[in-house]
Amino acid sequence: MRERVEQERAWVRSFQQLMFGIVGVFLVVILPIVWWTDSLFWGIVYMALVLVPVNVMYVRRYQMRQRLNPKLTHRYRQQLGSDMLNTVAFFLALNGNELLETKVFYTVGLLVIVLAGWITMRIDKRIKQEDVWRPTYKQTGR
């Protein structure tokens, strides 16, 4: 169990570093370009490209959890799909006005966002019920 907790912590640290880097590059590089060009195109392209490393991190977490607890592979696979759907929903939420020009597409985008949130809550609840190892960091002695 200690190995599992340590690997989860390592993944969280890596993910936080990735997010810090993504936000830093956005603030230092992309926002000035958007202001200078007076176009959101580069911000949208950057955000679309950012989805790739974020989803790679989700795949790594899935593989790590699958190795450490193979009994819940199906739940971890569902969580991976849900996380990837959430990144797409987040992208649509931030860029919906620029990308979705018709009301039909905008409505579909809103449905994707709502569906992603609902699926995530449902899967997270099931994982918490079935994966009994999930101690908090305080319970592990650190």
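1. What about the overall build of the protein chain?
Okay, step 1: Per the secondary structure count, the protein chain includes four helices and zero strands.
Okay, step 2: Counting helices and strands in the order they occur from the N terminus, the protein chain gives α-α-α-α.
Okay, step 3: Buried residues in the protein chain amount to 33% of all 142 residues.
Okay, step 4: A separation threshold of at least 6 residues defines the contact pool for the protein chain, and within that pool the share at least 24 residues apart is 72%.
Okay, step 5: When the accessible surface of the protein chain is summed, it comes to about 9600 Å², and 66% of that surface belongs to carbon and sulfur atoms.

2. Quick look at unusual backbone geometry
Okay, step 1: The phi torsion at D38 lies on the positive side, around 55°, for a residue other than glycine.
Okay, step 2: Position of D38 relative to the elements: it lies in the loop between α1 (2-37) and α2 (41-68).

3. Concerning the pattern of salt bridges
Okay, step 1: In this structure the tally under the stated criterion is three salt bridges.
Okay, step 2: Salt-bridge contacts for E6 lead to R9; the nearest nitrogen and oxygen are separated by 3.5 Å. Highlighted residues: E6 and R9, both in helix α1, separated by three residues, approximately one helical turn.
Okay, step 3: A relative accessible area of 25% places E6 in the partly exposed class.
Okay, step 4: A salt bridge links R61 to D83; its shortest N-O distance comes to 2.0 Å. Of this pair, R61 sits in helix α2 while D83 sits in helix α3 (residues 73-99), and the two are 22 residues apart along the sequence.
Okay, step 5: Since its relative accessible area comes to 10%, R61 is described here as buried.
Okay, step 6: Accessibility expressed as a relative area gives 10% for D83, which makes it buried.

4. Some remarks on the side chain of T87
Okay, step 1: Its location among the elements puts T87 in helix α3.
Okay, step 2: Taking the relative accessible area as the measure of exposure, T87 reaches 7% and is therefore buried.
Okay, step 3: In terms of polar contacts, T87 uses its side chain to reach the side chain of N55, at 3.3 Å.
Okay, step 4: Within the local environment of T87, its side chain forms a polar contact with the backbone oxygen of M84, the two atoms lying 2.6 Å apart.
Okay, step 5: Discounting residues that sit within four places of it in the chain, T87 has contacts with L51, V54, N55 and Y58.

5. Regarding a nonpolar patch on the surface
Okay, step 1: Residues V23, V25, L27, V28 and V29 make up a contiguous nonpolar surface patch of roughly 420 Å² in combined accessible area.
Okay, step 2: Within the secondary structure, V25 is located in helix α1.
Okay, step 3: Here V25 falls in the partly exposed class, since its relative accessible area comes to 37%.

6. So, the packing of α1 against α2
Okay, step 1: It is at 10 Å that the axes of α1 and α2 come closest, and there the two elements cross at 175°. Overall, the two elements α1 and α2 adopt an arrangement that is roughly antiparallel.

7. Overview of the confidence of the model for the protein chain
Okay, step 1: On average, residues of the protein chain score 80 in pLDDT, and 89% of them reach the 70 mark or higher.
Okay, step 2: Averaged over each element, pLDDT in the protein chain is lowest for helix α4 (residues 103-130) (77) and highest for α1 (87).

8. Some points on the environment of A89
Okay, step 1: With respect to the helices and strands, the residue A89 is situated in helix α3.
Okay, step 2: Sequence spacing of A89 and A116 is 27 residues, and the spatial spacing of their C-alpha atoms is 6.7 Å.
Okay, step 3: Sequence-distant contacts of A89, that is, excluding residues within four places in its chain, are made with V112, I113 and A116.

Rules behind the numbers
- Residues numbered from 1 in each chain as written.
- Predicted model: local features only at pLDDT ≥ 70, side-chain atom pairs only at ≥ 80, totals over all residues.
- Heavy atoms only, no water.
- Helix = DSSP H or I, 4+ residues; strand = E, 2+ residues; numbered from the N terminus.
- Buried < 20%, exposed > 50% of the residue type's maximum accessible area, 1.4 Å probe, protein only.
- Contact = heavy atoms within 4.5 Å.
- Areas by Shrake-Rupley, 256 points an atom, 1.4 Å probe, with all protein chains shown as cover.
- Salt bridge = Lys/Arg side-chain N within 4 Å of Asp/Glu carboxyl O.
- Polar contact = N/O pair within 3.5 Å; in protein donor to acceptor, adjacent residues only side chain to side chain.
- Patch = residues over 30% accessible without salt bridge, like charges linked within 9 Å, V, L, I, M, F, W, Y side chains within 5 Å.
- Axes fitted to C-alpha atoms, helices over the stretch in contact; angles between N-to-C directions.
- Parallel < 35°, antiparallel > 145°, perpendicular 65-115°, else oblique.
- pLDDT = per-residue confidence, 0-100.

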